[in-house]
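Structure at a glance
Here is what each chain is made of, one letter per residue.
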Amino acid sequence: MERVIVGFDGSRGAALALAWAAHEAELHGAELLAWTVLPQRPVVEEAVLKAIRRAVHETGDIRRVTCRLGYGAVAAELTGACTGDDLLVVGSRGRSQFTGMLLGSVSRACLHHAPCSVTVVPDRPKAQRAHGRVIAAVDGSLHARFGLRQAGREAALRGAVLLVVHAVYWDPLGVELMTPGGEQLHAWGEKLVADEVSSAGLSAEAVVVDGHPAEVLTRLSADADLLVLGSRGHNPLSGSLLGSTSDYCAQHAACPVMIARPPRTDT
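This report concerns the structure included in the present document. From a predicted model like this one, the values you see are computed outputs, not experimental measurements.

1. Section: the state of the cysteines
Between two cysteines, a covalent bond joining their sulfur atoms is known as a disulfide. Under the defined criterion, the tally for this structure stands at 0 disulfides. Here cysteine 255 stays free of any disulfide, with the sulfur of cysteine 249 as its closest cysteine sulfur at 9.0 Å.

2. With respect to helix H2 (residues 45-58)
Along its 14 residues, H2 runs 20 Å from first to last C-alpha, staying within 8% of the 20 Å computed at 1.5 Å per residue. Within H2, burial applies to Leu49, Ile52, Ala55 and Val56. Viewed along the axis of H2, the buried residues span an arc of 120°, placing them on a single side of the element. Those residues of H2 that are exposed and aimed more than 90 degrees away from the buried face are Lys50 and Glu58. Taken together, the buried residues of H2 touch helix H1 (12-28), strand S2 (31-38) and strand S3 (66-71). Just downstream of H2, glycine 60 is the residue with a positive phi angle, here 160°.

3. Examining the pattern of salt bridges
All chains considered together, the criterion is met by 9 salt bridges. With a shortest N-O distance of 2.9 Å, glutamate 24 and arginine 158 are connected by a salt bridge. With a gap of 134 residues between them, glutamate 24 in helix H1 and arginine 158 in helix H5 (residues 142-158) connect regions that are remote in the sequence. By relative accessible area, which is 0% here, glutamate 24 ends up buried. Residue classification places arginine 158 among the partly exposed positions, given a relative accessible area of 22%. With its nearest N and O atoms 2.4 Å apart, the salt bridge here joins arginine 158 to glutamate 154. Taken together, the residues arginine 158 and glutamate 154, both in helix H5 and 4 residues apart, mark about one turn of the helix. Bridged by salt links that share partners, the residues Glu24, Glu154 and Arg158 form one connected network.

4. Comments concerning the nonpolar core
If you look at the biggest cluster of nonpolar residues, it comprises 42 residues, and the most contacted ones within it are Leu32 and Val89. Apart from the residues lying within four places of it in its own chain, the contact partners of valine 89 are Val4, Ile5, Val6, Gly7, Ala17, Trp20, Ala21, Thr119 and Val121. In terms of nonpolar packing, the next biggest core, distinct from the first, is built from 34 residues, Ile5, Val74, Val106 and Ala224 among them.

5. Thoughts on the sheet that holds strand S7 (residues 161-168)
For sheets, the rule is that strands pair by backbone hydrogen bonds, running either parallel or antiparallel. The 10 strands lie next to each other as S3-S2-S1-S4-S5-S10-S9-S6-S7-S8, forming an open sheet whose pairing is mixed. The sheet is open, and its two borders are formed by S3 and strand S8 (205-210), each paired with just one other strand. Each strand axis lies, on average, 25° off the axis of its neighbour in the sheet, ignoring direction. Alignment of S2 against S3, held across 6 bridges, turns out to be parallel. When the sheet's bridge partners are listed, leucine 38 is paired in S3 with tyrosine 71. Seen against the sheet, H2 touches S2 and S3 and runs at an angle of roughly 130° to S3.

Reading the values: the criteria
- Residues numbered from 1 in each chain as written.
- Predicted model: local features only at pLDDT ≥ 70, side-chain atom pairs only at ≥ 80, totals over all residues.
- Heavy atoms only, no water.
- Disulfide = S-S within 2.5 Å.
- Helix = DSSP H or I, 4+ residues; strand = E, 2+ residues; numbered from the N terminus.
- Expected span 1.5 Å × (residues − 1).
- Buried < 20%, exposed > 50% of the residue type's maximum accessible area, 1.4 Å probe, protein only.
- Arc of directions from axis to C-beta.
- Contact = heavy atoms within 4.5 Å.
- Salt bridge = Lys/Arg side-chain N within 4 Å of Asp/Glu carboxyl O.
- Core = buried A, V, L, I, M, F, W, Y, C linked by side-chain atoms within 4.5 Å.
- Pairing = 2+ DSSP bridges.
- Axes fitted to C-alpha atoms, helices over the stretch in contact; angles between N-to-C directions.

Here it is in structure tokens:
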């Protein structure tokens with residue numbers, strides 16, 4: 001991770017995202033950029049930039065940060081500023097004191113179009129509370145595997161416990177010749193988690209639990225510092241798309257959600 005880029009619009013949600021991004025940049029030794037996007041170039045650009053710098057520093061003790069201005073569509077500008085080696089951080093929602101735009105639509109667009117991993121920070125001060133736990137979800141897909149490795153790095157940097165979760169959920173398609181029982185699904189899930197953790201060379205606690213992945217993960221997020229998910233994937237046990245789970249968790253989880261996106265060459 002070379003840079004942490006955070007979308008900053010002056011809202012409370014953006015302030016929380018900035019505080020999280022500053023801590024993340026410090027953990028990784030990365031450059032921190034606070035990026036504000038305006039609909040059009042202001043008449044007195046330096047005056048606007050000065051106001052943004054003041055708003056950035058009023059959010060907390062953030063010392064090493066570079067403020068940048070962009071113009072046009074917010075999500076397009078933010079994602080266009082990123083490379084595959086960056087981390088983009090956005091608030092889950094908020095109203096900009098600079099542009100009046102709703103950040104919620106921006107965060108969702110960034111999730112779908114950024115070329116790098118994206119973290120969505122919920123607009124809840126309690127989400128900043130430390131629990132000493134990072135959660136990763138696995139389903140056997142390449143993207144979930146990449147997310148697991150990223151979660152392992154994040155847990156190590158925080159000195160946190162890594163919790164690897166697989167949700168046992170069978171969504172019948174109506175064409176199965178046989179339907180596996182609950183014990184068989186749990187056995188498959190336990191083997192999947194064990195294989196993924198071993199392959200990644202990580203030390204982790206395994207959790208295999210009944211329920212839809214989105215519901216299971218959002219429930220567990222209440223006691224986590226970070227939830228890390230792959231950007232998309234196909235669960236061979238349930239047929240459900242992890243992409244929809246990632247999207248749901250980014251909107252509803254109680255803690256910051258990192259959607260880990262592998263380099264383009266791995267997709």
